[in-house]
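One letter stands for each residue in the lines below.
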Amino acid sequence: MASPTERANLKLYQRLWRYLSGYWRWFSIAVVAMVVASVTTPFFALLTKPLIDKGFIEQNKSYMVSIPIAIVLLFLLRGFANFLNDYLTTYLSSHLVQRVRAELYRKIVRLPLSFFHQESSGRMVSRVLSDADQITDAGFNVVTVLAKDGVVVVGLLLVLFYLDWRLTLITFFTLVIVSILVRLLSKRMRHLTTLNQSYLGKMASLLKETIEGIKEIKVYGAYKETYQTFQKVTHDIRRNQVKQRVANAASTAITQFLIACALAAIIFFAGLRSHRGLTAGTFMAFLSSMMAMFDPLKRMTNVMQILQRGLSGAESVFRFLDRSEEKNRGQLVLSDLKENIYFDKVFFQYPEGEKNALKGVDLRVKKGEVVAIVGASGSGKSTLVNLLPRFYEPTAGKVYWDGTPLNAFVLESLRESIAIVNQDIVLFDDTIAYNVAFGTSVSRPEIVHALKAANAWEFVTALPKGIDSKIGENGARLSGGQRQRLMIARAFLKKAPILILDEATSALDMASEKAVQEALERLMQECTTLVIAHRLATIRSADFIVVMNEGEIVEQGSHEQLLAQAGFYRRLYQMQFEKSRVDKG
């Protein structure tokens, strides 16, 4: 009876082989090629009998000519079969890895936001880059892994010298040709390896951007665009890996053919020297040593270790793929906001939290209003607004859109109606046009209009390539104010009825803040806006101000009303006013 571990391994293999559906014809050819390459060895051994009986004993010259030719043809077949097998197994394993990586990426962008607070980005990157690659160890490499052994080569050369140094000179001549061939092919391999490292760097960068920009990908619905970009990178990596294996397989096949030619020459000259004291036993020993030289550096090693590493990688990948995605069971398509958004006695607790981050929040946001949410750090401001695009689900209570619970809407439809401008700027290593049009299909004139509306057009036109200028990773080539204005231009293009501003100007200097604030006010004219702000001076004109403390709403009203209450808001305002006056002094 199979042990639990054996049953688990069997399930892993069954799941692995499903990825090869549609490729069984190529796999069958690879198996046939492997069999053909294997049977050439016993066929070669069979050729030694007529060689000794007819060639050495009976001195039949026709055998001494025909058998070397047969050996050359046999090993030409063997080289081709090995090449075909190596190529096809690489082709199949690279497709397997590409499919697994594509599924991992698709899973990453559809996991709930809470997962990204629990799992490190480095582990996710490692799972895609390393674990997915190790899956082939559990499949193909267990059967095909071979290792070079220099000690065996040296030992065989010593044996050859001891048996007959003259015939060994032919071996050395062949090795010189092989070394030249390896030298030429090594340049090709070095180029392909360097190219592969570049592709892996692009993949790591794209994954980092995806993980760090997961909110933007979700709320702007950019699943398709980012997935296509990722697919292109994985396709380039797959092609490069196949090229590397093709170059390696060609080297192996040519090397084996050259050694076969050398062997044919050795057999021919040994036959000419047989009457001078070369015995059949000596010849057979020399011949056996030469046979061992055909593939001297390849041996099966560490099969169990490789198998376990591959199964471990497969287990990690499949455990990740089996994680639950964001709940998206809604059936309704969201329309523009007609009346209000209502937070009805909402409670929320983070999975790793010890207490509620929100405690019975009751808030109504009317269409067209600018509602500011203020409070100390950790009071629940960001948590509250993150419930609106359903980055999190309330622990208790519900959020309504015109009287309909948010979870009744299709998730993509809900997020199409929300634009977010964060204090944590997320830009991608691409052009300004790409970043502004992120997740949307718009024309260049529309991009230009959005940039002008966001007070960004002036600095964009000063760049060498305008909107086609590359901005570096997360906009590293731009200032903080410039990066923030690109985020605002992105929100302009989305034309969403709901706008969330989460500390959008908190990290800017006065000059940049003025330009950004003007752009935000222009954007807010068309939206229902939720503003999170620490600087109370920036939200005086808000229609409604909500004051939060320790997950609860403690005060609400206009700026003047809250100052008149002489409560929590007024204390916050006075503290900031005093600090501002001290800073100016």
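Residues numbered from 1 in each chain as written. Predicted model: local features only at pLDDT ≥ 70, side-chain atom pairs only at ≥ 80, totals over all residues. Heavy atoms only, no water.

Overall, antiparallel pairing links the four strands, which are arranged E2-E1-E4-E5 in an open sheet. Edge positions in the open sheet fall to strand E2 (358–366) and strand E5 (404–405), since each of these has one partner strand only. Summarising the sheet, strand E1 (residues 340–348) and E2 pair through six bridges and their orientation is antiparallel. Bridge pairing in E2 links Asn 340 to Lys 366. (Pairing = 2+ DSSP bridges. Helix = DSSP H or I, 4+ residues; strand = E, 2+ residues; numbered from the N terminus.)

What follows deals with the confidence of the model for the chain. Per-residue confidence for the chain gives a mean pLDDT of 79, with 79% of residues at or over 70. The spread of mean pLDDT over the elements of the chain runs between helix H6 (residues 150–163), the lowest at 63, and strand E4 (residues 396–401), the highest at 93. (pLDDT = per-residue confidence, 0-100.)

Moving on, we get to helix H17 (residues 480–494). Over its 15 residues, H17 extends 22 Å from the first C-alpha to the last, a length consistent with the 21 Å expected when each residue adds 1.5 Å. Among the 15 residues of H17, 14 are classified as buried, and the element is accordingly described as predominantly covered. (Expected span 1.5 Å × (residues − 1). Buried < 20%, exposed > 50% of the residue type's maximum accessible area, 1.4 Å probe, protein only.)

Glancing now at the sheet that holds strand E7 (residues 498–502). The strand order across the open sheet formed by six strands is E6-E7-E8-E3-E9-E10, and the pairing between neighbours is mixed. The two strands at the open ends of the sheet, each matched to only one other strand, are strand E6 (418–422) and strand E10 (552–557). Between one strand axis and the next, the sheet turns by 20° as a mean value, whatever way the strands run. Where strand E3 (residues 370–375) lies against strand E9 (residues 544–549), five bridges are found, and the strand directions are parallel. If you follow Ala 372 over to E9, its bridge partner there is Ile 545. Against the sheet, H17 contacts E6 and E7, and its axis sits at roughly 175° relative to E6. (Axes fitted to C-alpha atoms, helices over the stretch in contact; angles between N-to-C directions. Contact = heavy atoms within 4.5 Å.)

Below, the discussion takes up the environment of Leu 406. Take Leu 406: it is sitting in the loop between E5 and helix H13 (411–416). With 72 residues separating them along the chain, Leu 406 and Leu 334 place their C-alpha atoms 9.3 Å apart. Dropping the residues within four chain positions of it, Leu 406 is found in contact with Leu 387, Leu 388, Arg 390, Val 399, Trp 401 and Leu 414.

We now examine the pairing of E4. In this structure, E1 lies alongside E4, joined through five bridges in antiparallel fashion. Bridging across to E4, Ile 341 finds its partner in Trp 401. Bridge analysis of E4 against E5 gives two bridges, and the strand direction is antiparallel. What sits directly across from Tyr 400, in E5, is Pro 405. Joining the antiparallel neighbours E4 and E5 is a turn of two residues, in which Asp 402 adopts a positive phi near 50°.

A few words now on unusual backbone geometry. Positive phi values are uncommon outside glycine, yet Lys 345 reaches one of about 50°. Classification of Lys 345 as exposed rests on a relative accessible area of 51%. Unlike most non-glycine residues, Glu 550 shows phi in positive territory, near 55°. Looking at the element boundaries, Glu 550 is found in the loop between E9 and E10.

Time to look at the pattern of salt bridges. In the structure shown here, the tally under the stated rule is 11 salt bridges. Note that Asp 236 is salt-bridged to Lys 232, the shortest N-O span being 3.3 Å. You can see Asp 236 and its partner Lys 232 sitting in helix H9 (residues 223–272), four residues apart, about one turn around the helix. By relative accessible area, Asp 236 is classed as buried at 18%. Residue Arg 444 is joined to Asp 468 by a salt bridge in which the shortest nitrogen-to-oxygen separation is 3.1 Å. Here Arg 444 is found in helix H15 (residues 444–453), whereas its partner Asp 468 is found in the loop between helix H16 (457–461) and H17, with 24 residues between them in sequence. A residue is classified by how much of its surface remains accessible, and Asp 468, at 34% relative accessible area, is partly exposed. Within the structure, one salt-bridge network assembled from shared partners comprises Lys 218, Glu 326 and Arg 415. (Salt bridge = Lys/Arg side-chain N within 4 Å of Asp/Glu carboxyl O.)

This part is about a positive patch on the surface. Residues Lys 202, Lys 465, Lys 470 and Arg 477 make up a contiguous surface patch of positive charge. Relative to the helices and strands, Arg 477 resides in the loop between H16 and H17. Given a relative accessible area of 59%, Arg 477 falls into the exposed group. (Patch = residues over 30% accessible without salt bridge, like charges linked within 9 Å, V, L, I, M, F, W, Y side chains within 5 Å. Areas by Shrake-Rupley, 256 points an atom, 1.4 Å probe, with all protein chains shown as cover. Lys, Arg positive; Asp, Glu negative; His and termini not counted. Charge placed at Lys NZ, Arg CZ, Asp CG, Glu CD.)

Structurally, the position occupied by Asn 435 is in helix H14 (residues 432–436). Taking relative accessible area as the criterion, Asn 435 reaches 0% and is therefore assigned buried. There is a polar contact of 2.9 Å between the side chain of Asn 435 and the backbone oxygen of Thr 431. Apart from residues lying up to four places away in sequence, Asn 435 is in contact with Leu 427, Phe 428, Asp 430, Ile 471 and Arg 490. (Polar contact = N/O pair within 3.5 Å; in protein donor to acceptor, adjacent residues only side chain to side chain.)

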